[in-house]
Amino acid sequence: MAEFVHSRTEDMIPELEQMECANMFDKTEIRGIVKKRKDFEYKIQRRAKCKEDYLRYIQFEMDLLKGVKTRRENMGLGNKKDIEFAIANRVNRLFSKAIKRFPSDVRIWISYIKFCKQMRFFSVVGRTLAQMMQVHSDKPNLWSFAAKWEFEENHSVENARQFLLRGLRFHPESKVLYSEAFRLELQYAARKRKQHNKKVEGGDENATGEDNNTGMDIDAQGTSGQSDTQQQTGNDIQDKVLDCRLAEVIYESAMKKINDANFLISLLSIAKQYNFTHRLQTKMVNYLLTTYSNDEMTWDTMARRELEGLSYADLDASGENGVGAASLGSGEEKAITLKERIRMCVGVYVAVAKQLPTEKMWSLYLEFLLELNQDQSSLPVFKQKLLRVAFETAHAAGCMQEKYYLLWVEMLKSQGKLKKLQGVLRTATARIPSSVELWQVRLCFYLSKDNEKKALDVFKDATTKLGNSEKAALHLWKMMLHYYQTKDIHKVEQLFKDGIVQGPEISMPLKPMYIEWLALAKGIAAARKVYDQLSIQPPLCLGLHTKMASLESIQPDVMLKYVRKCHEMACDQFGKTNTEVWMEYVKFEQKKGDAQKVTDIYMRAVKNLDPEFTDTFISEFSLVKTGMTMLQEQP
């Protein structure tokens, strides 16, 4: 091991000498670099290899590389890049070793590729991608990542296609790979169309594009010995690229493998980004309407296309895919055109909702109108009217979800339509009786109007429908308690008494609240009397003991016996599995009670705690005891 480290250290000497000669680092810094590198070299030479050692070594060298570059620029040493190359090569070597040693860690592969891209080691990236995919062929996202790099960074559409095709052999039903292949062909078509337009405008039929390694691309310069047949074949392929035929082939292949309307819609959204895909979009829309006519997402897509000026009623129209008349004119013309497109869009939703009256369909319709109303810069009144009508229609059809009822309630509140609001809330809670939020809004409505009778009816109805086991219903109890606290002290106490006999989800939180309210409203004596009853009433509540101990501790004349009583009850009832009750008792005696009792409490705790909790208690007790001793010793 030492021989290897010594050899590596000797290899660093020229690099370190250059650092010193260029005054980038002083001798102390260089000695620090040497020491760090030796430490790392010894670690990575150990018999038991550790991935973190490689990663730390790599991070150290990358930080050093960054520091060297910064110092070189600050010192104006523009031609002194040998040091950076030496460090970069060392990082490259370390990454190679780490990958060979830990090939299953994807993060190392990705970090290596990003490093090579940063250092412009493009040939290394290509080899690394190929090696990575041999190891991680089971990951579709990595096939997509490799293809994207080849196309966007290496400008090789052929290599990108090969990665995607190989990936699809391993994952014939991968949505990720089909989407990436479809997007790639459209991006490539857009690039070639741009090059073609430049040729036409410049009159240069022999101009070449930037991408010469494209597989299906044709080398425009060619050779003088090419036959007419070869040229014709090249032109045919070129036409297929420009006319999106290759993207169409991928789309058709995907549809044979994947039966999913949402996936088809995602491909359609990709095609929509390119203004030369009208024919392809027409084909995709026809297939979507034919195959998935009963899917709500199909009609949501069709309606939204109407808003964009892409009418599905005119699929056979010729010409490029654009926004139609909506993009022409200005001022009033533009507003009218937008209004018409919104009407056509809403018309689709309304018509489909009649034929497909599902909750999902109405939700998609309402969601669209809510998005539309976020932009109030144009046609605000018209948009709000559409939303209001849609709420009423969905409500009448009985297909509205809780979310939209709550939004509609807020709208009615802001408009001051209280009578309408009352009826909507009544129907909503009847249709969705499990919605705690709707019950809360309805109860709050009557409480805000100080209508105690109606509020009490709603509260009783809600607690009956939700059941005592509903923890979320606790908020309803709290709302009623807060209301009565400002109205009638006797009704507050009666409501507390009713609550503490409910299920644990209601009674457990209310018991401490009841004791605290009694202490504030009637005095500590009344709270003690009720505490004696509740402390033994099931279900047993630790929060009750904690709250009562806290209330006793803040009295003007603290009576230790009452505080101890609370701690004793807590330890008796919960002391087998809860170390905290014993620790709270210990802390009380140390700070406010009798420190001599601590030992007795400690012995009882060790005896009563279940074995698995004993060690934890002993550790906690030791920390507290040590801390208190140190405090006592301070002057």
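The residue count restarts for each chain, going from 1 along the sequence in the order it is written. In view of the model being predicted, local features appear only for residues whose pLDDT reaches at least 70, and side-chain atom pairs are presented and counted only at 80 or more, with totals across whole chains, interfaces and linings using the full set of residues. As a rule here, side-chain values come from all non-hydrogen atoms in the structure, and water together with hydrogens is ignored.

S.K.: Can you walk me through the environment of T282 in this structure?
M.R.: The secondary structure listing takes helices from DSSP runs of H or I that are at least 4 residues long and strands from runs of E that are at least 2 residues long, numbered from the N terminus. Tracing the chain through its elements places T282 in helix 14 (residues 278–291). Remark: the alpha-carbon pair of T282 and L310, spanning 28 residues in sequence, is separated by 9.9 Å.

S.K.: Looking at this structure, how should I read helix 17 (residues 359–373)?
M.R.: Because each turn of an α-helix spans 3.6 residues, side chains separated by three or four positions end up pointing in the same direction. In this model, helix 17 (15 residues) spans 21 Å end to end at C-alpha, consistent with the 21 Å of a helix rising 1.5 Å per residue. Among the residues of helix 17, those classed as buried are M361, W362, S363, L364, Y365, L366, F368, L369, L370, L372 and N373. Here the expected length of a helix is defined as 1.5 Å per residue gap, with one fewer gap than residues. For every residue, the accessible area obtained with a 1.4 Å probe (protein chains only) is divided by the maximum for its type, and the residue is called buried under 20%, exposed over 50%, and partly exposed between those limits.

S.K.: Just to check I follow, could you spell out the pattern of salt bridges for this structure?
M.R.: Salt bridge, as used here: a side-chain nitrogen of Lys or Arg that lies within 4 Å of a carboxyl oxygen of Asp or Glu. A complete count under the given rule lists 36 salt bridges for this structure. Two residues, E15 and R90, come together in a salt bridge whose shortest N-O distance is 2.8 Å. Here E15 is found in helix 2 (residues 13–21), whereas its partner R90 is found in helix 5 (residues 82–101), with 75 residues between them in sequence. Its relative accessible area of 6% is what places R90 among the buried residues. Measuring nitrogen to oxygen at the nearest pair gives 3.4 Å for the salt bridge that ties E180 to R183. Residue E180 and its partner R183 are both found in helix 10 (residues 175–202); the two are separated by 3 residues, about one turn of the helix. Relative accessible area serves as the criterion here: at 5%, E180 is assigned to the buried category. A relative accessible area of 27% means that R183 is categorised as partly exposed. Within the structure, one salt-bridge network assembled from shared partners comprises R245, E248, E252, R279 and K283.

S.K.: Even after reading the chapter, I still don't get empty space enclosed by the protein, so can you show me in this structure?
M.R.: If a probe as big as a water molecule is rolled over the atoms, it shows which places are left empty. Cavity: a set of points on a 1 Å grid over the protein atoms alone where a 1.4 Å probe fits but cannot get out. Pocket: an open set with protein on both sides within 12 Å along at least five of seven lines, its lining residues, like those of a cavity, having an atom within 4 Å of a point. Grid points are joined across faces, edges and corners, and a volume is the space filled by probe spheres set on the points. On inspection of all chains with the given rule, the structure shows 1 cavity of 30 Å³ or more. When its volume is computed, the largest cavity comes out at roughly 40 Å³. Lining the largest cavity are R528, Y531, D532, M548, E552, Y562, K565 and C566.

S.K.: Please clarify how the nonpolar core should be interpreted in this entry.
M.R.: One broad rule of soluble globular proteins: the nonpolar side chains tend to lie buried together. Of all hydrophobic cores here, the largest spans 171 residues; its most connected members are M19 and F182. No other element matches helix 17, which puts 9 residues into this core. Contact between two residues is taken to exist if any of their heavy atoms lie within 4.5 Å; hydrogens are not considered. The residues contacting F182, other than those within four sequence positions of it, are A247, I250, Y251, L267, I270, A271, L280 and M284. As used here, the term nonpolar core means buried Ala, Val, Leu, Ile, Met, Phe, Trp, Tyr and Cys residues forming a set that is joined through side-chain atoms within 4.5 Å.

S.K.: Whenever I open this one, the packing of aromatic side chains confuses me. Can you help?
M.R.: Each aromatic ring pair is characterised by the separation of its centres together with the angle its planes make. Each pair of aromatic rings taken from Phe, Tyr and Trp, with Trp reduced to its six-membered ring, is defined by centres within 6.5 Å and is described as stacked if the planes are under 30 degrees apart, edge-to-face if over 60, and tilted in the remaining cases. Counted by the stated rule, this structure contains 24 aromatic pairs. Where W362 meets Y365, the ring centres are 5.8 Å apart and the plane angle is 40°; that geometry is what we call tilted. Linking W362 with Y365, this pair stays in helix 17, spanning 3 residues, or about one helical turn. Of the two residues, W362 and Y365, both sit in the buried class. Between Y602 and F621 the ring centres are 4.5 Å apart and the planes differ by 35°, which places this aromatic pair in the tilted class. Remark: F621 occurs in helix 31 (residues 611–633) and Y602 occurs in helix 30 (residues 598–608); sequence separation between them is 19 residues. For F621, a relative accessible area of 11% puts it in the buried group.

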